[in-house]
Amino acid sequence: MKMFWALYRKELKGLRNIFLTLLGLILGIDVLLATRINSWGYWQAFGLTFLPLAFLIFWGIFRPLSLIRSEWKEGTAPFLRSLPVSGWSMIGAKLLAAFTEWVGLNLAALALSGLFYAAAPLCGANWVTLSDLPPLGEVIKFLTLSIANPILGIFLGAVIFQLAYLLGRLVNRFSGMVSFAATVFLFYLTSKGSEFLARLLSSFPGLSLEAPRLIDIEFVFSFSTVMLFVMLIEFAILFSVTGWLVEKKLEY
Amino acid sequence: MRFDIDERQPIYRQIVDTFVRQIARGHWPPGEKLPSIREVAAAARVNPNTVARAFQELERTGLVETRRGEGTFVTTAREAIKNCREKTAREIWVDFLGKIRELGFTNEEIQRLVAELKEENEQ
Amino acid sequence: MTFPAVKLEKVVKRYPLTKALDGVSLTVDQGKVVGLLGHNGSGKTTLMKIIAGLKNPTSGEVRVFGMAPGVETKKRVAYLPEVNTYYNWMTIDELLNFVKAFHPDLNLEKAALLKTFMNLKGGEKIGSLSKGQQARLKLVVGLSRQADLMLLDEPLAGIDPPSRARVLHALVGEFRQEGQTILISTHEVKEAEPIFDHVVFLREGRKVLEGEAETLRAETGHSMEELFGEVLE
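Please read these numbers as outputs of a predicted model, since none were measured by experiment.

Focus on the overall build of chain A
Part 1 of the reasoning: Summing up its helical and strand segments, chain A has nine helices and zero strands in all.
Part 2 of the reasoning: What you see in chain A, going N to C, is helices and strands ordered as α-α-α-α-α-α-α-α-α.
Part 3 of the reasoning: C-alpha atoms of chain A, sized along the principal axes, occupy 60 × 50 × 35 Å.
Part 4 of the reasoning: Classification of the 252 residues of chain A by burial places 42% in the buried group.
Part 5 of the reasoning: Total accessible area on chain A stands at roughly 13800 Å², and carbon and sulfur atoms take up 73% of it.
Part 6 of the reasoning: The positive charge centre, built from 19 side chains, and the negative charge centre, built from 14, are 12 Å apart in chain A.

Spelled out as C-alpha cells, the structure:
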C-alpha cells in the first residue's frame, strides 16, 4: 500500500502545473462573470458559473489517459515498470490522482459559485427561501445519485480510454489506429454490456426499469441506481483487464 | 602500488607475479600487512573477485597468510621467502637460457657475455 | 538452496519481422560480474529487458533467483537502461526519495557520497541535466541500492572517456555491495574488460562464445577486446 501511495503522490506532483492552470482559468471565468452581472443580470451570470462543471466531466474522463500516455511519450514507462508494483497499482494510482484533481477543480468551481450566491443580496437578487426547496430526504437522494453517477461515469470512461490506448501499445506500428478502433469498439461493447446488465439487475426487487406512463421521481431513482451498479460492474471488469494488460502483455 | 596489466594474459596471474617479485625483493618485509583486496583492485582497476583469487593463489604458495578479520600478511617464515626468491630466479634463468640457446649460444659464450655485461654495468 | 542470479533456458524473442533472441541459454552465478558483449542490435538490450521483467520471451524459460520475473524479482533487481527513463520534472533528490519508497534498501547516505563522486547536485532538475550527467545519475540511483542483481545496459554510453575507468571501478569496487551480481552489456570492451569475471558474446540474437574471462585469456592468449573482434566481425 505504501508503494501505491508513493505512485499516487508522484502522479499528483506530475499534474500540479496543469491543475494550477485550470484553477486559474476557472477563477478567471468567475471573475469575468462577476463583471458581467450588471449587463447580463445576476441569475444568468450565476447560472454560467456552473459551466466549468460540464467541461470538467470531459476533463475527468480524458485525464487518466493523458497521464498514461505521457509515460510513453516521455519515455518513462520502462522506469515505472521496473518498480516492484503491479499493473493494477500503476493504473489505479493514475485513476485516483486524476480523480483527486477532478474533485479539487469541482470543489473550487462550486466554492466560487457559492461565493457568487452568497453575494446575491449585494447584487440586488434574493436568496432562495428554504420552503421553496423539495423535502430534504429527496434532495439528499437526488444529490447522492447525481454525484455518484457522474463519478462512476468518469471512472468508466477513463478506464475505457486507458485500455484502448494500451491496446494500441501492443503493436509496434499503427498504434494510433489500433487505439482509435479499440476506443470505438470498447464503447460499443460497454453500451451493449450495460443493456444486458441493466436487464439482469432490474429483475431484483425494488429496481425497475419499466417506465411508468408518467415518469416520476421514483422511476428516476430506480433507473439511476441500476445504472450505478451497471457502471460499477463494468468498471471493475475493465479495470481488471487493463491492469492485467499492463502486468502480463505489454512490453516496455 | 602500480600494476601494468596485459589483458591478453590471466590478470590474477599477473597480480600474483607482481606480489611474488615484490616479496622476494623485500618490498613487503616478512610479517608486513599487504594492502586489502579492495585497495589492490582499485589500484589495478580490476574486479575484486580477481584480486581475491590472486590472494588465494599467494596463500597456496605459502608466501602470505590470511588472518580472519585482520587481513593478509607476508609470512614470517623467512625460509619460504628465500625458497620462493630462488625459485623465481630459477624460472627467470630457465626462461633466459631457453631463449638464448635458440640463438645458438654455447655455454662458454653465455658465460663470456654475462661477464662482459657485468663489467659494463659496473663502469 | 541458492539459485543462480539468472537462468535462461532457450529464450527466444520474436518480433513480426525479426528475431531479437534466437534460443539463448545462460546461467549467471551469484556474486559474478558478467559482461554481455555484442554490437548494437545483437540482442543485449532485449535480453536485459527480459531479465528485468519488461519484456516477455516468445518462448523459453527465465528465472531470476529461481523466480519468474515479476514484482518479487523486481524488489531485488536494479535495472538501468541505456537512455534516461526518469521523470524530467523531478529533481535528483526527489527521484532518490521516490525510488526509496519502492526500494527500502536504498541508502541515502551512500547516495550522498555517490552524488559527490559523480559530481551531481541533489536540487537539480533531471530534465536540465546533460546526457553525461543523466548517465551518471543512473549509476547513483543503481549503486545507492543494495540490489542483489544489477543490470547495466551500456553504462559507459554518455560518460566521457577520461572518467570511464574511474566510473567502472566505482561500479565493481568501492560502491559495490558485498556479493552483488552485476550484468553489464557493452560494446566498448577495452575499458570494461578488466572488471569481468565472465563474458558472453552475443551475435544476432545467438550466444557465440561464453566463458570465464581468465580461462579464455589463458586458453587463447587474447584479450576480451581481441576476442570481441575475432568472434563478432
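So, the overall build of chain B
Part 1 of the reasoning: The number of helices and strands found in chain B is five helices and two strands.
Part 2 of the reasoning: The order of helices and strands in chain B, counted from the N terminus, is α-α-α-β-β-α-α.
Part 3 of the reasoning: Computed over C-alpha atoms, the radius of gyration of chain B comes to 18 Å, more than 25% over the 14 Å expected from 2.2 N^0.38 for 123 residues, which places it beyond the range of a compact globule.
Part 4 of the reasoning: The C-alpha extent of chain B, read off along each of the three principal axes, is 55 × 35 × 30 Å.
Part 5 of the reasoning: When burial is assessed residue by residue, chain B has 33% of its 123 residues classed as buried.
Part 6 of the reasoning: Residue pairs at least 24 apart in sequence account for 50% of intrachain contacts in chain B once pairs closer than 6 positions are excluded.
Part 7 of the reasoning: When the accessible surface of chain B is totalled, it reaches about 8300 Å², and 47% of it is carbon and sulfur.
Part 8 of the reasoning: For chain B, the distance from the average site of its 21 positive side-chain charges to the average site of its 21 negative ones is 6 Å.

Some words on the packing of aromatic side chains
Ring pairs (aromatic) are described by centroid distance and by the angle formed between their planes.
Residue and element names in this part refer to chain A.
Part 1 of the reasoning: What the rule picks out here adds up to 29 aromatic pairs over all chains.
Part 2 of the reasoning: The interplanar angle of 40° and the centroid separation of 5.6 Å between the aromatic rings of F46 and Y117 together place this pair among those described as tilted. Note that F46 is positioned in helix α3 (residues 42-48) and Y117 in helix α6 (residues 87-118), a separation of 71 residues in sequence.
Part 3 of the reasoning: Exposure remark for F46: the relative accessible area of 15% places this residue in the buried category.
Part 4 of the reasoning: The interplanar angle of 70° and the centroid separation of 6.2 Å between the aromatic rings of W72 and Y165 together place this pair among those described as edge-to-face.

Section: the interface of chain C and chain B
Part 1 of the reasoning: Counting from both sides, the interface comprises 23 residues of chain C and, opposite them, 16 residues of chain B.
Part 2 of the reasoning: Summing both sides of the interface, chain C and chain B together bury roughly 1500 Å²; the carbon and sulfur share of this comes to 47%.
Part 3 of the reasoning: Of all residues in chain C, C:H169, C:P194 and C:E214 bury the most surface against chain B, accounting for 38% of the area lost on that side.
Part 4 of the reasoning: Applying the counting criterion to the chain C and chain B interface returns two salt bridges.

Concerning the interface of chain C and chain A
Part 1 of the reasoning: Between chain C and chain A, the contact holds 27 residues from the first and 28 residues from the second.
Part 2 of the reasoning: Between chain C and chain A, roughly 2300 Å² of surface is buried when both sides are summed, and carbon and sulfur atoms account for 62% of that area.
Part 3 of the reasoning: Among the residues of chain C in contact with chain A, C:L54, C:Y87 and C:F102 are the three that bury the most area, contributing 28% of the side total.
Part 4 of the reasoning: Applying the counting criterion to the chain C and chain A interface returns two salt bridges.

Some details on the packing of α6(A) against helix α9 (residues 217-249) of chain A
All names here are of chain A.
Part 1 of the reasoning: One way to put it is that α6 packs onto α9 with a least axis distance of 7 Å and a crossing angle of 125°. Judged by the angle between their axes, α6 and α9 are oblique. Along this stretch, α6 crosses α9, giving a crossing that reads as right-handed. Residue-level contacts link G87, W88, M90, I91, G92 and L95 of α6 to F235, F239, S240, T242, G243, W244, V246 and E247 of α9.

Observations concerning the confidence of the model for chain B
Part 1 of the reasoning: Overall, the predicted model of chain B reaches an average pLDDT of 88, with 100% of residues at or above 70.
Part 2 of the reasoning: The complex prediction reports pTM at 0.85, with the ipTM value standing at 0.92.

Some words on the pairing of strand β8 (residues 198-203) of chain C
All names here are of chain C.
Part 1 of the reasoning: Counting buried residues along β8, five of its six residues qualify, which places the element largely inside the surrounding structure.
Part 2 of the reasoning: Of the pairings in the sheet, the one linking strand β3 (residues 33-37) to β8 comprises four bridges and is parallel in character. The residue bridging L36 from the neighbouring strand is V200, located in β8.
Part 3 of the reasoning: In terms of strand pairing, β8 meets strand β9 (residues 206-212) through six bridges, oriented antiparallel. From the neighbouring strand, V199 faces β9, where its bridge partner is G211.
Part 4 of the reasoning: Between β8 and β9, which pair antiparallel and follow one another directly, the connecting turn spans two residues, one of which, E204, has a positive phi of 45°.

A look at a positive patch on the surface
Part 1 of the reasoning: Side chains of A:K2, A:R9, A:K13, A:R16 and C:K125 sit close together on the surface and give a patch of like positive charge.
Part 2 of the reasoning: Relative to the helices and strands, A:K13 is located in helix α1 (residues 2-35).

So, the sheet that holds strand β2 (residues 19-28) of chain C
Residue and element names in this part refer to chain C.
Part 1 of the reasoning: The antiparallel open sheet is built from three strands, whose spatial order is β2-β1-β4. Edge positions in the sheet fall to β2 and β4 (59-64), since each has one partner strand and no second. Neighbour-to-neighbour, the strand axes of this sheet turn through a mean angle of 20°, independent of strand direction.
Part 2 of the reasoning: The pairing of strand β1 (residues 6-14) with β4 spans five bridges and is antiparallel. Along β4, the bridge assignment pairs E9 with E61.

Re the confidence of the model for chain A
Part 1 of the reasoning: For chain A, per-residue confidence averages 89 on the pLDDT scale, and residues scoring 70 or more make up 96% of the total.
Part 2 of the reasoning: Of all secondary-structure elements in chain A, the lowest mean pLDDT belongs to helix α2 (residues 37-40) of chain A, at 84, while helix α5 (residues 77-82) of chain A reaches the highest, 95.

What to know about the environment of A:S146
All names here are of chain A.
Part 1 of the reasoning: With respect to the helices and strands, the residue S146 is situated in helix α7 (residues 136-168).
Part 2 of the reasoning: Residue S146 is classed as partly exposed on the basis of its relative accessible area of 32%.
Part 3 of the reasoning: Measuring from C-alpha to C-alpha, the distance between S146 and L23 comes to 23 Å, with 123 residues separating the pair along the chain.
Part 4 of the reasoning: Here the side chain of S146 touches L143 through a polar contact of 3.2 Å, landing on its backbone oxygen.

Calculation criteria
- Residues numbered from 1 in each chain as written.
- Chains lettered and ligands numbered in written order.
- Predicted model: local features only at pLDDT ≥ 70, side-chain atom pairs only at ≥ 80, totals over all residues.
- Heavy atoms only, no water.
- Helix = DSSP H or I, 4+ residues; strand = E, 2+ residues; numbered from the N terminus.
- Buried < 20%, exposed > 50% of the residue type's maximum accessible area, 1.4 Å probe, protein only.
- Areas by Shrake-Rupley, 256 points an atom, 1.4 Å probe, with all protein chains shown as cover.
- Lys, Arg positive; Asp, Glu negative; His and termini not counted.
- Charge placed at Lys NZ, Arg CZ, Asp CG, Glu CD.
- Rg over C-alpha atoms; globule rule 2.2 N^0.38 Å.
- Contact = heavy atoms within 4.5 Å.
- Phe/Tyr/Trp six-rings, centres within 6.5 Å; stacked < 30°, edge-to-face > 60°.
- Buried area = accessible area lost by both parts, 1.4 Å probe.
- Salt bridge = Lys/Arg side-chain N within 4 Å of Asp/Glu carboxyl O.
- Axes fitted to C-alpha atoms, helices over the stretch in contact; angles between N-to-C directions.
- Parallel < 35°, antiparallel > 145°, perpendicular 65-115°, else oblique.
- Left-handed = near helix turned anticlockwise from the far one by under 90°.
- pLDDT = per-residue confidence, 0-100.
- Pairing = 2+ DSSP bridges.
- Patch = residues over 30% accessible without salt bridge, like charges linked within 9 Å, V, L, I, M, F, W, Y side chains within 5 Å.
- Polar contact = N/O pair within 3.5 Å; in protein donor to acceptor, adjacent residues only side chain to side chain.

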